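So the chains spell out like this:
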Amino acid sequence: KNNYRKQPFLEQWMEELLPLIKDQTFLDLSLPGAHDSVTYDLTNSISDDANDIPPTIAYILHDIDNTFDFSNFVRLQAVTQGSTITEKLNSGIRFIDFRVVYTSAPFAPSGFDQDWYGLHLVQTQRKSLDFLREARKWIDAHPKEIVTFWISRHGGQCNTAFPGVSNKTKQKFFSDVVDIFDGLLFDRRTDVLNETRIGDLIDRNHRVLLYVSDGKEPSSFTGGSPFAYNGCSIDNELAADITNLTATIEQQKSHFQLASVIRQQDKKNARFYLLGMMVEPPFNEQLLAALLYYDKEIDVDYLKKTCSELFHIPGMEKWCPKNLFEISLLGNYYYQLSFEYAVQNELDFPNAIYLNAIDKNGLIRTGIDTFGPMFNTTNRCSTTQHACTGYCYADTVILSNIYRSCRSAHVDKHECTRLRGVVEQRRALNPLKLWHQPELGRLKNW
């Protein structure tokens, strides 16, 4: 117990807030989340049943070697995270977007040695269950924290499935998931998301919520298990168009302005309000990035100019982001404006937000350097200005829970004052930071 109490604030933020939230329901919370959470572990092996391409093409691409560096380029366009599952949980993340695929092992022939792996077009090195075992170890060490996993093939609530995978295979995998989280899972027979008190969930040790998406009805995946909630009940909204940032920021602000109303409507129907603030890069940008990656004889200046124009940022004239991660950092730079707008106006947030480039200490990186095992980048944090700058994402979402809880007349106002002070002090360590670097898309007054 004494060792546990010494853990940093973000590792146990739910326990810290428990005096305020214990009488609320799960659907009253706002959770910091991560999009495509395990892409830090991607290989350059395209999975048998990769997302966004026909299964036959995926099988062929899985067997193609990397002679032309093709799959390595694809991997660079798929990595969205640089931190591990444990690092994310330590950083306050409590919503995990967990995408899985049934595929051959990396670099094994298609159709052989199949198992479940993480994916984002290419597949992870580790098997899916390994990530969940890692999470179980962390959850056991943090006995008052609740963690939500959304298991899907490619993030669709109802419109994605697992083509060609038998119900028996899917249900065996889900049974293994249940075994990993044995004793921790929300149970639909006793746990009603819009009624059961958070204090009761923790007393029962029901601290892992599984949403599962497999078409309209996930019972083919779960076998009707009471330990899974239908992914179709996720109200998944997106505000992530990187090519029109002015409109995207206004869209994000609108979600925050209406969040309290939408949450109440969704709560009545036991729906989970989720907002995606990742980035959606233009397809043409990826084509131009590919040309710059492969062809050294072309007109580089022309391609960079053409690519940069797709983002419509004044002064960004000759920069073509090399990968999805660089685009994610650019998006985060402007998305911090939406978060800060919500905080300054004490607005509510959805039940969870998920985005890219979750950094240590609960930050989203807004600076210019990529990070994580996929990138051979030199650590320039101490030598290059704004290389590793980040915004206090997790603390900002946590603060919204304090704001909302403390509007009630039934909570301890001294505890409200104390917790608000703690989180505000933490936010002050990594506040909104803007600077003028138009050649890399960062503007101070736009």
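Residues numbered from 1 in each chain as written. Predicted model: local features only at pLDDT ≥ 70, side-chain atom pairs only at ≥ 80, totals over all residues. Heavy atoms only, no water.

> Could you give an account of the pattern of salt bridges, with specific residues and numbers?
Scanning all chains against the criterion turns up 27 salt bridges. We note a salt bridge from Arg418 to Glu16, for which the minimum N-O separation is 3.9 Å. You can see Arg418 sitting in helix H15 (residues 413–429) and its partner Glu16 sitting in helix H2 (residues 13–21), a full 402 residues away along the chain. Note on Arg418: relative accessible area 38%, which makes it partly exposed. (Salt bridge = Lys/Arg side-chain N within 4 Å of Asp/Glu carboxyl O. Helix = DSSP H or I, 4+ residues; strand = E, 2+ residues; numbered from the N terminus. Buried < 20%, exposed > 50% of the residue type's maximum accessible area, 1.4 Å probe, protein only.)

> Explain the side chain of Gln123 to me, and be specific about the residues and the numbers.
With respect to the secondary-structure elements, Gln123 resides in strand E5 (residues 122–127). On the accessibility criterion, Gln123 (0% relative accessible area) is buried. Within polar-contact distance, the side chain of Gln123 engages the backbone oxygen of Ser104 at 2.7 Å. (Polar contact = N/O pair within 3.5 Å; in protein donor to acceptor, adjacent residues only side chain to side chain.)

> Break down the packing of aromatic side chains for me, with residues and values.
Taken as a whole and judged by the stated rule, the model has 31 aromatic pairs. Seen from their ring centres, Phe73 and Tyr293 are 5.1 Å apart, and the 50° between their planes marks the pair as tilted. With Phe73 in helix H4 (residues 70–76) and Tyr293 in helix H11 (residues 283–294), this pair connects stretches of sequence that are 220 residues apart. Given the relative accessible area of 9%, Phe73 is considered buried. The class for Tyr293 is partly exposed, based on a relative accessible area of 23%. Here the aromatic rings of Trp116 and Phe221 are separated by 5.8 Å at their centres, their planes lie at 65°, and the arrangement is edge-to-face. Here Trp116 is found in strand E4 (residues 114–120), whereas its partner Phe221 is found in helix H9 (residues 219–222), with 105 residues between them in sequence. We note that Trp116, like Phe221, is buried. (Phe/Tyr/Trp six-rings, centres within 6.5 Å; stacked < 30°, edge-to-face > 60°.)

> Lay out the pairing of E4 in plain terms, naming residues and giving numbers.
Residues in a regular strand point their side chains to alternate faces of the sheet. Summarising burial for E4: five of the seven residues are buried, a large majority. Where strand E3 (residues 95–104) lies against E4, five bridges are found, and the strand directions are antiparallel. Paired with Val101 across the bridge in E4 is Tyr117. Of the pairings in the sheet, the one linking E4 to E5 comprises three bridges and is antiparallel in character. The residue bridging Tyr117 from the neighbouring strand is Lys127, located in E5. Remark: one residue form the turn of the hairpin made by E4 and E5, two consecutive strands paired antiparallel; Leu121 in that turn has positive phi of roughly 75°. (Pairing = 2+ DSSP bridges.)

> Requested: an account of the environment of Phe325, with residues and values cited.
Take Phe325: it is sitting in helix H13 (residues 324–344). Taking the C-alpha atoms as reference, Phe325 lies 21 Å from Lys444; in sequence the two are 119 residues apart. Phe325 has contacts with Val79, Thr80, Gln81, Gly82, Ala357, Thr370, Phe371 and Phe375, leaving out every residue within four places of it along the chain. (Contact = heavy atoms within 4.5 Å.)

> Tell me what's going on with the environment of Tyr393, and back it up with residues and numbers.
Structurally, the position occupied by Tyr393 is in helix H14 (residues 393–405). A residue is classified by how much of its surface remains accessible, and Tyr393, at 0% relative accessible area, is buried. The sequence separation of Tyr393 and Leu432 amounts to 39 residues, and the corresponding C-alpha distance is 9.9 Å. When neighbours within four sequence positions are excluded, Tyr393 is seen to be in contact with Pro32, Gly33, Ile93, Phe339, Ile353, Tyr354, Leu355, Ile358, Gly362, Leu363 and Ile364. Within the structure, Tyr393 has its side chain in polar contact with the backbone nitrogen of Gly33 (distance 2.8 Å).

> Give me H2: which residues, what numbers.
The buried fraction of H2 is high, at eight of nine residues. Of the positions making up H2, those classed as buried are Trp13, Met14, Glu15, Glu16, Leu17, Leu18, Leu20 and Ile21.

> Got a sec to walk through the state of the cysteines? Specific residues and values, please.
Enumeration over the complete set of coordinates arrives at four disulfides. What pairs with Cys381 in a disulfide is Cys388, and their sulfur atoms sit 2.0 Å apart. Classification of the bridge connecting Cys381 and Cys388 rests on its S-S torsion, roughly -75°, and on that basis the disulfide is left-handed. According to the relative accessible area criterion, Cys381 is partly exposed, its value standing at 41%. Each disulfide pairs two cysteine sulfurs, and for Cys406 the partner residue is Cys416, the sulfurs being separated by 2.0 Å. (Disulfide = S-S within 2.5 Å.)

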